[in-house]
Amino acid sequence: RKKTKLAALWLRDSGNSIQSIQNDNLQRFAPAEIRQLRMFILGMVRTMLSTDVAKEEIQALIFFLQDCQDTYQLEDVLYLLLHLLLNATNTYKAIVDLIHELGGIHPFLGLVSHKSEAVRVLVIRIIALIYRMTPKKTGKTLDENCYAYITGKLQQYPFEPLTYIALLEVATGYIRVEYTN
């Protein structure tokens with residue numbers, strides 16, 4: 001009997017751990033298929049954010065980034081956010097304003113110490129963009145405590161070429177959107 005290709009069903013048990021349902025009729029997607037599905041969904045999210053954005057949506061995105069345990073998924077969402085921040089339309093400027101309302105760079109500081117270099121590089125770029133896009137009239141700057149925190153966290157890991165490139169981009173003000181995977 002031919003198995004149909006369905007996504008595995010996931011449930012939360014009372015211990016808050018994720019369990020998959022084992023069933024003869026279910027088969028997991030291949031990693032490449034999951035990646036394609038993620039990209040399709042992220043494309044839809046980007047399209048939805050290009051028309052209108054609410055504070056709750058940006059807050060949910062920030063909470064997701066702080067809680068995400070899947071490194072590849074985290075990279076995908078950070079890449080989407082980086083791309084949104086580099087876009088110059090009014091809707092995306094509204095996203096920056098909402099990020100400032102929700103704490104500016106502070107929600108992203110915890111990701112500087114992520115085990116994945118790609119995540120650290122994307123977060124460095126995002127922090128630099130948020131800092132650069134901070135309205136001058138607010139008087140908010142990257143204070144010495146934030147700078148010392150970022151420096152200390154980055155020094156916990158070996159400096160790979162991608163990290164050097166990201167720091168050079170921050171120093172020169174030319175931040176690129178490229179996928180670091």
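Quick caveat: nothing in here was measured; it's all calculated off a predicted structure.

Caption draft 1: Spotlight on the nonpolar core. Counting residues in hydrophobic clusters, the biggest one holds 41 residues, and the most contacted among them are Leu78 and Phe108. Mapped by element, the contributors of at least two residues to this core are helix H1 (31–49), helix H2 (55–67), helix H3 (71–86), helix H4 (90–101), helix H5 (117–132) and helix H6 (144–154). Sort the elements by how many residues they give to this core and H5 lands first, with 10 residues. Residues in contact with Leu78, not counting those within four places in the same chain, are Leu65, Leu111, Val119, Leu122, Val123 and Ile126.

Caption draft 2: Structural context of the confidence of the model for the protein chain. The pLDDT averaged across the protein chain works out to 75; a share of 74% of its residues lies at or above 70. Confidence over residues 1–20 falls short of pLDDT 50; this stretch has 32 contacts with residues more than four positions distant or in other chains.

Caption draft 3: The arrangement of the packing of aromatic side chains in detail. Applying the stated criterion to the full structure yields 1 aromatic pair. Centroid distance Phe159 to Tyr164: 5.4 Å. Interplanar angle 65 degrees. Geometry classified as edge-to-face. Among the residues examined, Tyr164 registers a relative accessible area of 51% and is labelled exposed. Between Arg120 and the ring centre of Tyr157, over which it is positioned, the NZ or CZ distance is 4.0 Å.

Caption draft 4: Quick peek at the pattern of salt bridges. Applying the stated criterion to the full structure yields 4 salt bridges. Salt-bridge contacts for Lys55 lead to Glu101; the nearest nitrogen and oxygen are separated by 3.4 Å. Residue Lys55 is found in helix H2, and its partner Glu101 is found in helix H4; the two are separated by 46 residues along the sequence. Accessibility expressed as a relative area gives 34% for Lys55, which makes it partly exposed.

About the criteria used
Here, residues in each chain are numbered from 1, in the same order as that chain's written sequence. With pLDDT at 70 or above as the cut-off, local features in this predicted model cover only qualifying residues; side-chain atom pairs require 80 or more to be listed or tallied, and sums for whole chains, interfaces and linings still use all residues. For the side-chain quantities, the full set of heavy atoms in the structure was used; hydrogens and water were omitted. What makes a nonpolar core is a set of buried Ala, Val, Leu, Ile, Met, Phe, Trp, Tyr and Cys residues whose side-chain atoms join them at distances within 4.5 Å. Whether a residue is buried, partly exposed or exposed follows from its accessible area with a 1.4 Å probe, protein chains only, as a fraction of its type maximum: under 20%, in between, or over 50%, in that order. Secondary structure follows DSSP: runs of H or I at least 4 residues long count as helices, runs of E at least 2 residues long count as strands, and numbering of each begins at the N terminus. A contact between two residues is defined here by any heavy atoms of the two lying within 4.5 Å. Every residue gets a pLDDT, meaning the predictor's confidence in that residue, from 0 to 100. Pairing of aromatic side chains here covers Phe, Tyr and the six-membered ring of Trp, requires ring centres within 6.5 Å, and sorts the geometry by plane angle: under 30 degrees stacked, over 60 edge-to-face, intermediate tilted. Here, a charge over a ring is recorded when the distance from Lys NZ or Arg CZ to the ring centre is within 6 Å and its angle to the ring normal is within 35 degrees. A pair is scored as a salt bridge if a Lys or Arg side-chain nitrogen falls within 4 Å of a carboxyl oxygen belonging to Asp or Glu.

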